[in-house]
Amino acid sequence: MCPLSDARAQKSIDAFSKIAPILNEEPRCLNCHGGVNPYVDGVGDGRTEHGGGKTVEHETDCNGCHNTMAPKRGGVEKSHWNIPPPIFFFLGKDAPTLCAMMHEEFRGDERKFIEHLRDDHGDDNFVGTAFMGNRGLSPEDYPEIPPQPPPNIDGPGLVKLGEDWLATTDGEFVGWDAFDCGCKILRYAIRVTASTEFTKGRLQHKSALQPVDIPITFKDDGTFSGEASANFLAAAKMAPCTGQSTANLKIRVSGHLTQTYTNHDLHFKMENASPTVTRLSGQCVPLGSFGNKSTQSEQTALPFESDQGRVTEKFNYEMPEIFPGFKSKMQLEIVKLPDSQK
Ligand code: HEC
Ligand code: HEC
C-alpha cells in the first residue's frame, strides 16, 4: 500500500508534473529515449527519422558522427553516444507511468536519480550533452544543424526539479513495491468476510457476512483509519421452527503503515464502533411467527500486524470456541480500490 495522505500524494504528483514533459516531450531527451530509431530507414514505427540515416545496431560507431559530447564528470574522459534499451524509453509514456518507472529504478537509491539528472551519474554525459543542444554533433561537420538546447530549462534547473520532487516525500520514494505511490491518488480498503456456524442440540445456525470493504484514508504521519457498516445475515433451524436474523454494526479499523525500501511494517486493529443490533424473526409451524430486536454493546478490538502491508495480503482470525460446536472465522484482506473511486 501507499501510505501517503491525499495531500502529500498530490504534492508529489504536482512536482513530477514539471519533470514529465522534459522526459516525454523535450526533443533533446526524448529523441534518445525512444523518439528516434537510428536502426531503420525512414520513420516506419511512428518514431522520428534518424538524421544520420540507417545505422547498424552495435556495429555502427555512433561517435563517428556524434563525437562532440559533454565530457564525463571530472572533465577528462570522453563520453560515448548511445541510446538506452526500450525499458528506458520515455516515448508515449504519461506522467504517472514515468513517475512509477523512476520509482522502480531508483527506489532505495534516490540520490542516484538526482545524479542521473545532473550528468548521468558520472557515466557518459547524455544530460550534459542534451543541454549543449548540439545532438553530440560538431559544428564543423554539421554547420547546417544549429544547437537547439531545451528552451525553458537548464541543467541546474532540472536538478532542482528533481530535488523538489524528492522533497515532497522527505527525500525517499515511499510505497515499497507500490511503484505508483506518489504518482497517482491511490485508495485502499480492508475487506472483511466472516462466517459463523454452530450446532447445539436441535438448533443449527449459520451466518455469513457478505464481504464489507472498509475504505481507509491515510494521514501525513502514515496513520490510517476507516469505518463501515456491516450486516450479518443468519439462518437458524430448530424443528419445528426456522428463523432469520440480521446483525448490524459499525466496524472501525485504525493503524499505522511504514513503507520504505528497507522498512515495511503494518500494525492495525479492528473494533466495533457501534453496538450490535440484532433483529430476529422466525416461523414455527404450526405455532405462528415471532420477532425480536436486541442490542449488544460489548467493545472488542482485534490487533493485526505484518512486515508487509501489501495489496491482497490476508489476515485470518478464528474466534475462540465459546462452546463445543461453535465455529466462527473472519478474514481480512487488503484491497486496492479502483482509481476512479476518489
Ligand atoms: C545520447 C542519448 C541520450 C540523451 C540525449 C539523453 N539520455 Fe537519458 N539515458 C540515455 C541512456 C543510454 C540511458 C541508460 C544508461 C544509463 O543509465 O546511463 C539513459 C538513462 C536516463 C535516465 C535513467 C533512467 C532509468 O530509468 O534508469 C534518466 C532519468 C534520463 N536518462 C534522463 C534524461 C534526460 C532528462 C535527458 C535530457 C535532458 C536525457 N536523459 C538525455 C541516453 C540519453
Ligand atoms: C553518419 C553520421 C551519424 C552516425 C554514424 C550516427 N548518427 Fe545519429 N544523428 C546524426 C545526425 C546528422 C543527427 C541529427 C539530425 C537532426 O537533428 O536533424 C543525428 C541524430 C541522432 C539522434 C537524435 C538526437 C537529438 O538530440 O535529437 C539520435 C537519438 C541518434 N542520432 C542516435 C544515433 C545512434 C544510437 C547512433 C549509433 C548507433 C547514431 N546516431 C549514429 C548522424 C549520425
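Residues numbered from 1 in each chain as written. Chains lettered and ligands numbered in written order. Predicted model: local features only at pLDDT ≥ 70, side-chain atom pairs only at ≥ 80, totals over all residues. Heavy atoms only, no water.

## Notes on the pairing of strand E3 (residues 223–238)
Then, number 1: Examined bridge by bridge, strand E2 (residues 203–218) and E3 share eight bridges and lie antiparallel to one another. Paired with Ser207 across the bridge in E3 is Ala234.
Then, number 2: Between E2 and E3, which pair antiparallel and follow one another directly, the connecting turn spans four residues, one of which, Gly222, has a positive phi of 85°.
Then, number 3: As paired elements, E3 and strand E4 (residues 241–259) share 16 bridges and run antiparallel to each other. Each bridged residue has a counterpart across the sheet, and for Asn231 the counterpart in E4 is Asn248.
Then, number 4: Between E3 and E4, which pair antiparallel and follow one another directly, the connecting turn spans two residues. (Pairing = 2+ DSSP bridges. Helix = DSSP H or I, 4+ residues; strand = E, 2+ residues; numbered from the N terminus.)

## Observations regarding the site of ligand 1
Then, number 1: Around ligand 1 sit 21 residues, and of these Arg28, Cys29, Cys32, His33 and His116 come closest.
Then, number 2: The side chain of His33 places a nitrogen or oxygen atom 2.9 Å from a nitrogen atom of ligand 1.
Then, number 3: Elements that contribute at least two residues to the shell around ligand 1 include exactly helix H3 (27–35), helix H4 (95–106) and helix H6 (126–132).
Then, number 4: Considering only residue class, the shell around ligand 1 consists of 15 nonpolar, three polar and three charged. (Near = heavy atom within 4 Å. Polar contact = N/O pair within 3.5 Å; in protein donor to acceptor, adjacent residues only side chain to side chain. Nonpolar A, V, L, I, M, F, W, Y, C, P; charged D, E, K, R; others polar.)

## Brief notes about the coordination of the iron atom of ligand 1
Then, number 1: In this structure the iron atom of ligand 1 is ligated by exactly one protein donor, His33 (NE2), at 2.1 Å.
Then, number 2: Within the secondary structure, His33 sits in helix H3. (Donors = N, O, S within 2.8 Å, 3.2 Å for Na, K, Ca; no water.)

## Focus on the coordination of the iron atom of ligand 2
Then, number 1: Distances from the iron atom of ligand 2 to its protein donors, His50 (NE2) and His66 (NE2), fall within 2.0 Å.
Then, number 2: One way to put it: the six donor atoms around the iron atom of ligand 2 meet at angles of 88 to 179°, and that makes the site octahedral. Pair noted here: His50 is in the loop between H3 and H4 and His66 is in the loop between H3 and H4, with a separation of 16 residues, a long-range link. (Tetrahedral: all angles 85-135°; square planar, octahedral: opposite > 155°, others 65-115°.)

## With respect to the packing of helix H5 (residues 110–119) against helix H7 (residues 155–167)
Then, number 1: Between H5 and H7, the least distance of the axes is 8 Å, while the angle of their chain directions is 160°. Relative to H7, H5 is oriented roughly antiparallel. Every pair of crossing elements has a handedness; the one defined by H5 and H7 is right-handed. Contact residues: H5 offers Glu110, Arg111, Phe113, Ile114, Leu117 and Arg118, while H7 offers Leu158, Val159, Gly162, Glu163, Trp165 and Leu166.
Then, number 2: Tallied by class, the residues present in the contact of H5 with H7 amount to seven nonpolar, one polar and four charged. (Axes fitted to C-alpha atoms, helices over the stretch in contact; angles between N-to-C directions. Parallel < 35°, antiparallel > 145°, perpendicular 65-115°, else oblique. Left-handed = near helix turned anticlockwise from the far one by under 90°. Contact = heavy atoms within 4.5 Å.)

## Examining the state of the cysteines
Then, number 1: Tallying each qualifying case throughout the model produces two disulfides.
Then, number 2: With its sulfur 2.0 Å from that of its partner, Cys2 forms a disulfide with Cys181. One quick way to see it: the torsion about the S-S bond of Cys2 and Cys181 is about 65°, and its sign makes the bridge right-handed. Placement of Cys2 in the segment before helix H1 (6–16) and of Cys181 in the loop between H7 and strand E1 (187–200) is noted, with a sequence separation of 179 residues between them.
Then, number 3: For Cys2, a relative accessible area of 4% puts it in the buried group.
Then, number 4: Two residues share a disulfide in this structure: Cys99 and Cys183, whose sulfurs sit 1.9 Å from each other. (Disulfide = S-S within 2.5 Å. Buried < 20%, exposed > 50% of the residue type's maximum accessible area, 1.4 Å probe, protein only.)

## Observations regarding the pattern of salt bridges
Then, number 1: The full count for this structure, using the stated rule, is 14 salt bridges.
Then, number 2: Between Asp177 and Arg310 there is a salt bridge, with its nearest N and O atoms 2.3 Å apart. Placement of the pair is Asp177 in the loop between H7 and E1 and Arg310 in the loop between strand E8 (301–306) and strand E9 (314–318), with a sequence separation of 133 residues.
Then, number 3: Since its relative accessible area comes to 31%, Arg310 is described here as partly exposed.
Then, number 4: One salt bridge in this structure joins Glu333 and Lys314, with 3.8 Å as the shortest N-O distance. Of this pair, Glu333 sits in strand E10 (residues 326–337) while Lys314 sits in strand E9, placing them 19 residues apart in sequence.
Then, number 5: Given the relative accessible area of 18%, Glu333 is considered buried.
Then, number 6: One network of salt bridges, with partners in common, ties together Arg73, Glu115, Arg118 and Asp119. (Salt bridge = Lys/Arg side-chain N within 4 Å of Asp/Glu carboxyl O.)

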